[in-house]
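Coordinates in review
Chain residues, written in single-letter form:
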Amino acid sequence: MNRYECDRMLVAVLELGSFAAAARRMGVSAATASKMIARLETELGVQLIKRTTRALSVTEAGQTYFEGVRRLLESLDELDAAVTAGTVEPTGRLRISVPHTFGVRWLVPSLNAFAAHYERISLDVTFSDDAVNLVLEGYDAAVRIGRLAESTLIARRLTSSRDWLVAAPAYLQARGTPQTPADLAAHDCIIDANFRDPYIWGFEAGEHTPATRVAVESRLSFSNAEAVLDAACAELGIARIPSFVAAASVASGDLVRLLPEWTSPGTGVYVLHPAGQRPPRKVRLLIDWLVDHFDDPPSWETGHAGP
C-alpha cells in the first residue's frame with residue numbers, strides 16, 4: 001500500500017462515513033482499510049480520524065488534510081482522463097449546499113441539466129437554509145440568498161429577488177385592497193419569521209419618494225415561505241413572500257400582487273466557493289453553468305412563473 005492509495009482510502013472513509021463502506025469501494029478488507037489510515041497517520045505524525053466502537057469522527061487536522069488531498073486527487077483524475085481518453089471531460093463528485101425552497105423550485109432543473117450534460121460528474125446536493133461552513137463541512141460550492149457577510153468565500157452573482165405583497169382575490173374582495181403601505185395596518189398580515197425583522201415591512205417607491213417602513217400585526221407566523229404562501233392562498237391575509245416563491249401563484253391567479261409600485265429592497269442570489277487555490281474544473285463548470293442559467297432581473301419576475 002503506497003501513500004497514494006492511503007490518501008484515496010482516507011477520502012473514501014470520510015465521504016462514506018465508515019471503514020466498511022470505504023473498503024468495499026476500494027476493493028479491500030475493512031482491516032486493510034484501517035491499516036492504511038493508521039499508516040497515513042504515522043507518516044503525517046497526526047491523528048486524522050477518531051475511532052470508537054460505534055462511530056468515527058474527523059479531527060481538525062484530518063478535515064484540513066481531507067479537503068486538500070481530495071482536490072489533488074480529483075485534479076489527478078481529470079488529468080488521467082484527459083491523457084488516456086484524449087478528452088478533458090470532467091469527472092468526480094460535487095457537494096453543493098442550496099437553500100431549500102429556492103433550490104427545489106429553481107435550482108433543481110438547472111442541476112439536472114448539468115448532470116445530464118456532464119455524465120461523469122456526480123452531484124451530492126444538500127437542501128438547507130443554514131449557512132454551512134464550506135471548508136469544514138466539505139462542500140465544493142453553495143448557493144445563498146441575501147446580504148453576504150465578509151468571509152473567505154468567493155461569490156458570483158446569479159440573479160436577484162424581491163419580496164412581493166400578495167393576497168387571495170377572495171380576501172381582497174372581503175377586506176378591500178390596500179392602496180398604500182400604511183393601509184396594511186388595517187389588514188391581517190401573514191408573517192415569515194425568517195426575515196430579520198419580520199413584523200416591520202420596508203418599501204421603496206423610486207428616487208423621489210422616501211422609503212417607508214410599516215409595523216404590521218399578525219396572528220399567523222411561519223418560519224417557512226411555502227407555509228406563508230399556503231396561508232395566503234387559503235385567504236387568511238396579506239403575505240410578504242420572495243418573488244421566486246409567489247410568482248407561480250400570481251401567474252395562475254390564485255394570488256394577486258399588491259402595491260407593485262412599492263417594491264422591497266432587492267437581495268442578491270449568489271453561488272460561492274472557498275477562496276485560495278483555483279477551484280477544480282468541475283466546480284468552475286458548475287458555477288459557469290448556473291450563471292448562464294439565470295437572468296437578472298429573474299425570469300419569474302418578468303413573466304415566466306415557474307420551471
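Structure: above.
As the structure is a prediction and not an experimental result, all values here were calculated from the model.

**Some details on the overall build of the protein**
- Helix and strand counts for the protein stand at 10 helices and 14 strands.
- Each of the three principal axes of the protein carries a C-alpha extent, and together these read 75 × 45 × 35 Å.
- Counting every position in the protein, which comprises 307 residues, the buried fraction comes to 43%.
- A fraction of 74% describes how many contacts in the protein between residues 6 or more apart in sequence connect residues 24 or more apart.
- Surface accessibility of the protein: about 15600 Å² in total, with carbon and sulfur atoms responsible for 51%.
- On the protein, the mean spot of the 30 positive side-chain charges and the mean spot of the 37 negative ones are 7 Å from each other.

**Looking at the sheet that holds strand E11 (residues 220-222)**
- Spatially, 5 strands are ordered E11-E8-E12-E7-E13 in an open sheet, and the strand pairing comes out mixed. Looking at the sheet topology across the chains shown, the edges are occupied by E11 and strand E13 (256-258). Averaged over all pairs of adjacent strands, the angle between their axes in this sheet comes to 35 degrees, without regard to strand direction.
- When strand E8 (residues 189-192) meets strand E12 (residues 238-242), the two strands line up parallel, connected through 2 bridges. Looking across to E12, one finds that Cys 189 is bridged to Ile 238.

**Describing helix H5 (residues 100-117)**
- Here H5 spans 24 Å end to end across 18 residues, near enough to the 26 Å set by a 1.5 Å rise per residue.
- Turning to H5, its buried residues number three or more, namely Thr 101, Phe 102, Gly 103, Trp 106, Leu 107, Ser 110, Leu 111 and Phe 114.

**Some points on the pattern of salt bridges**
- Here the structure, examined in full by the defined rule, presents 17 salt bridges.
- Its salt-bridge partner being Arg 39, residue Glu 43 comes within 3.2 Å of it at the nearest N-O pair. Placement of the pair is Glu 43 and Arg 39 together in helix H3 (residues 30-44), with a separation of 4 residues, close to one helical turn.
- By relative accessible area, which is 41% here, Glu 43 ends up partly exposed.
- A salt bridge links Glu 67 to Arg 71; its shortest N-O distance comes to 3.8 Å.

**A word on the environment of Pro 260**
- Relative to the assigned elements, Pro 260 resides in the loop between E13 and strand E14 (267-274).
- Overall, Pro 260 belongs to the partly exposed group, its relative accessible area being 42%.
- Distance from Pro 260 to Tyr 65, taken between C-alpha atoms, is 52 Å for residues 195 residues apart in sequence.

**What to know about the packing of helix H1 (residues 3-16) against helix H2 (residues 19-26)**
- Their axes nearest at 8 Å, the elements H1 and H2 cross at an angle of 130 degrees. Here H2 runs oblique to H1, going by the angle between their axes. Considering only the axes of H1 and H2, their crossing is right-handed. Mapping the contact onto sequence places Glu 5, Arg 8, Met 9, Ala 12, Val 13, Glu 15 and Leu 16 in H1 and Phe 19, Ala 21, Ala 22, Arg 25 and Met 26 in H2.
- Among the residues making up the contact of H1 with H2, the classes are represented as 8 nonpolar, no polar and 4 charged.

**Here we look at the sheet that holds E14**
- Reading across from one edge, E4-E3-E5-E14-E6 is the order of the 5 strands in this open sheet, with mixed pairing throughout. With partners counted over all chains shown, the strands left at the sheet margins are strand E4 (121-127) and strand E6 (153-161), one partner each. Adjacent strand axes in the sheet meet at a mean angle of 20 degrees, parallel and antiparallel pairs treated alike.
- Of the strand pairs in this sheet, strand E5 (residues 141-145) and E14 are connected by 4 bridges, and their pairing is antiparallel. For Ala 142, the partnering residue across the bridge sits in E14 and is Leu 272.

Basis of the calculations
- Residues numbered from 1 in each chain as written.
- Predicted model: local features only at pLDDT ≥ 70, side-chain atom pairs only at ≥ 80, totals over all residues.
- Heavy atoms only, no water.
- Helix = DSSP H or I, 4+ residues; strand = E, 2+ residues; numbered from the N terminus.
- Buried < 20%, exposed > 50% of the residue type's maximum accessible area, 1.4 Å probe, protein only.
- Contact = heavy atoms within 4.5 Å.
- Areas by Shrake-Rupley, 256 points an atom, 1.4 Å probe, with all protein chains shown as cover.
- Lys, Arg positive; Asp, Glu negative; His and termini not counted.
- Charge placed at Lys NZ, Arg CZ, Asp CG, Glu CD.
- Pairing = 2+ DSSP bridges.
- Axes fitted to C-alpha atoms, helices over the stretch in contact; angles between N-to-C directions.
- Expected span 1.5 Å × (residues − 1).
- Salt bridge = Lys/Arg side-chain N within 4 Å of Asp/Glu carboxyl O.
- Parallel < 35°, antiparallel > 145°, perpendicular 65-115°, else oblique.
- Left-handed = near helix turned anticlockwise from the far one by under 90°.
- Nonpolar A, V, L, I, M, F, W, Y, C, P; charged D, E, K, R; others polar.

From the geometry alone we can't say anything about function, so treat these as descriptive.
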